[in-house]
Amino acid sequence: MFDLIGKRRWFYLISLAITIPGFIFILLTPLTGGKVGLQFSIDFTGGTVWEIHFANGTPSSADVQAIMASQGLPGTAAIATVGDKSYVLIRTEQIGLAEFQPSPSPGASSSPAASSSPSDTASPAASGSPAASSSSAASSVAPEASTSPEPSASPEPSTSPAPSASAGAVVGASPSPSASPGTGGSALNLPTTGKLADLRYALEDQFGPIDEVSQEANIGPIISNEIAQQALLLIVLGSIGILAWVTFRFQDFRMGATAIAALIHDVLVVVGTFAIAGTFFGLQVDALFVTAMLTVIGFSVHDTIVVYDRIRENRIRHAGEPFDAIVNHSLLQTVGRSLNTSLTTILVLTALLLFGSDATRAFVFAMVIGIVSGTYSSIFNASSLLVDWHLWDDRKRAREFAVARGR
């Protein structure tokens with residue numbers, strides 16, 4: 001019979017070799033101010049989320065991130081597919097929704113000066129012209145539009161040689177994509193000033209007009225702090241609940257404590273992997289990562305409970321045998337089931353990792369790492385720690401008995 005428990009020291013060494021590098025990178029996160037270690041997304045740091053659809057097809061996330069870098073905007077871009085449409089989900093530093101302006105319909109002016117200029121009341125003929133601009137900026141572009149009394153003036157928006165993204169620009173007098181018929185006109189909520197407007201124009205110059213905005217939001221520091229606190233609270237409360245239930249179910253605190261020890265091992269493996277990958281590949285921790293961690297915790301304890309339940313049964317069937325032999329026999333009986341369950345789950349997750357959306361790729365990657373680690377820790381760590389704890393208690397009782405007899 002293969003002796004898994006007899007080789008538990010090797011399993012401990014393997015776990016240490018995996019967890020220690022990741023743990024070092026986790027500790028480096030606060031020490032380096034986030035330059036090394038975990039890279040948190042705007043879900044935890046605050047920022048702006050902008051989800052858009054391009055009329056001419058969806059560019060790759062790498063191309064969008066290259067445009068963002070050229071505009072000096074740190075962040076990420078992912079492709080999210082909803083139905084038959086693919087959207088570009090942009091997450092960047094907090095810019096501010098105050099810089100969003102409704103995109104005007106063709107021939108209309110979006111300049112704030114257009115509605116407040118005294119020329120609106122001073123020249124009724126100008127306001128009656130369909131092509132007339134209400135601002136001095138517009139009259140400098142098309143003077144005949146503001147002075148012509150004929151109602152037969154061309155209703156088409158006058159054009160300038162180059163689009164302008166500066167504040168106070170007249171979008172109706174510019175061939176910017178926001179005023180083109182293909183962009184949806186006033187139904188869009190496109191930025192016209194500020195950093196996000198610069199990014200918008202750069203994206204449209206490269207990939208064509210934006211015809212849909214499905215999401216735009218700011219996440220402030222207060223909300224991001226609440227998300228971080230709630231995530232930590234969920235993990236702590238989940239761990240306490242698992243400890244209490246396993247202890248009650250098997251009437252042995254040692255089983256509950258060793259299950260939590262294996263769980264901590266899995267958390268360190270996943271978080272450490274993200275800390276290393278974040279340092280070298282820019283992989284970020286977002287809100288979905290918390291969901292993945294809670295799922296991994298549940299899956300890890302599931303395998304551990306299967307092994308412990310078999311140990312409880314075999315302690316009755318093989319009463320009198322050494323505890324380490326009973327645990328080894330139980331592991332050999334359940335290892336096939338644990339591996340088969342984990343393998344089928346990993347196959348599905350691998351397919352999602354390779355062919356799924358960019359928006360869920362980090363979530364799926366955390367799940368894959370966590371399930372592999374959870375399977376390993378349930379078989380080789382939790383049961384081994386339980387055996388060592390029992391052997392330590394036996395030696396302690398033997399010493400106490402020897403001392404009592406010596407008196």
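Overview of the structure. Because the structure is predicted, anything quoted here is derived from the model rather than measured.

### A few points about the pattern of salt bridges
Per the stated rule, a full pass over the model turns up 12 salt bridges. In this structure, the salt-bridge partner of Arg249 is Asp309, at a minimum N-O distance of 3.6 Å. Note that Arg249 is positioned in helix H10 (residues 221-250) and Asp309 in helix H12 (residues 287-317), a separation of 60 residues in sequence. Note on Asp309: relative accessible area 22%, which makes it partly exposed. Its salt-bridge partner being Asp394, residue Arg397 comes within 2.4 Å of it at the nearest N-O pair. Taken together, the residues Arg397 and Asp394, both in helix H14 (residues 361-406) and 3 residues apart, mark about one turn of the helix. According to the relative accessible area criterion, Arg397 is partly exposed, its value standing at 48%. Members of the salt-bridge network, linked through shared partners, are Arg8, Arg9 and Asp388.

### Considerations on the packing of helix H11 (residues 253-281) against H12
Following both chains from N to C, one finds H11 and H12 inclined at 145°, their axes separated by 9 Å at the closest point. As H11 runs across H12, the sense of the crossing is right-handed. Facing Met255, Thr258, Ala259, Leu263, Asp266, Val267, Val270, Val271 and Phe274 of H11, the residues of H12 in contact are Phe289, Met293, Val296, Ile297, Ser300, Val301, Thr304, Tyr308 and Ile311. Here the contact of H11 with H12 is composed, by residue class, of 14 nonpolar, 3 polar and 1 charged.

### What to know about the sheet that holds strand S5 (residues 210-219)
Within a sheet, neighbouring strands are paired by backbone hydrogen bonds and run either parallel or antiparallel to one another. Spatially, the 4 strands line up as an open sheet ordered S3-S4-S2-S5, and their pairing is antiparallel. In the strand order of this sheet, the two ends are held by strand S3 (75-82) and S5, each with one partner. Strand-to-strand, the axes of this sheet are offset by a mean angle of 20°, without reference to chain direction. Sheet strands in contact with helix H9 (residues 195-207) are strand S2 (47-54), strand S4 (85-92) and S5, and its direction is about 25° off that of S2.

### Thoughts on H14
Between its first and last C-alpha, H14 extends 65 Å over 46 residues, near the 68 Å set by a 1.5 Å rise per residue. At Ser377, H14 is deflected by roughly 45°, the largest bend along its length.

### Some remarks on the pairing of S3
Pairing geometry for S3 and S4, over 8 bridges, is antiparallel. In the strand pairing of S4, Ala80 is matched with Tyr87.

### Some thoughts on the pairing of S4
Taken together, the 5 bridges between S2 and S4 define a ladder with antiparallel strand orientation. The residue of S4 that forms the bridge with Thr48 is Thr92. Connecting S3 to the next strand, S4, in antiparallel fashion are 2 residues, including Gly83 with a positive phi near 65°.

### Thoughts on the side chain of Ser15
Structurally, the position occupied by Ser15 is in helix H1 (residues 8-31). The residues touching Ser15, leaving out its near neighbours within four places in the chain, are His265, Tyr376 and Asn381.

### Topic: the packing of aromatic side chains
One pass over the full model with this rule turns up 10 aromatic pairs. The interplanar angle of 45° and the centroid separation of 4.3 Å between the aromatic rings of Phe11 and Phe380 together place this pair among those described as tilted. Of this pair, Phe11 sits in helix H1 while Phe380 is found in helix H14, placing the two residues 369 residues apart along the sequence. Of the residues examined, Phe11 reaches a relative accessible area of 12% and is grouped as buried. Judged by its relative accessible area of 19%, Phe380 is buried.

### Quick word on H11
Taking 1.5 Å of rise per residue, 29 residues should cover 42 Å, and H11 covers 41 Å from first to last C-alpha, within 8% of that figure. N-cap assignment for H11: the residue whose side-chain oxygen lies 3.0 Å from the backbone N of Arg254 is Asp252. Gly282 occupies a position one or two residues after H11 and carries a positive phi of about 75°.

How each quantity is defined
- Residues numbered from 1 in each chain as written.
- Predicted model: local features only at pLDDT ≥ 70, side-chain atom pairs only at ≥ 80, totals over all residues.
- Heavy atoms only, no water.
- Salt bridge = Lys/Arg side-chain N within 4 Å of Asp/Glu carboxyl O.
- Helix = DSSP H or I, 4+ residues; strand = E, 2+ residues; numbered from the N terminus.
- Buried < 20%, exposed > 50% of the residue type's maximum accessible area, 1.4 Å probe, protein only.
- Axes fitted to C-alpha atoms, helices over the stretch in contact; angles between N-to-C directions.
- Left-handed = near helix turned anticlockwise from the far one by under 90°.
- Contact = heavy atoms within 4.5 Å.
- Nonpolar A, V, L, I, M, F, W, Y, C, P; charged D, E, K, R; others polar.
- Pairing = 2+ DSSP bridges.
- Expected span 1.5 Å × (residues − 1).
- Bend = angle between axes of the 7 residues up to and from the residue.
- Phe/Tyr/Trp six-rings, centres within 6.5 Å; stacked < 30°, edge-to-face > 60°.
- Polar contact = N/O pair within 3.5 Å; in protein donor to acceptor, adjacent residues only side chain to side chain.

Purely spatial values, then, with no claim about function.
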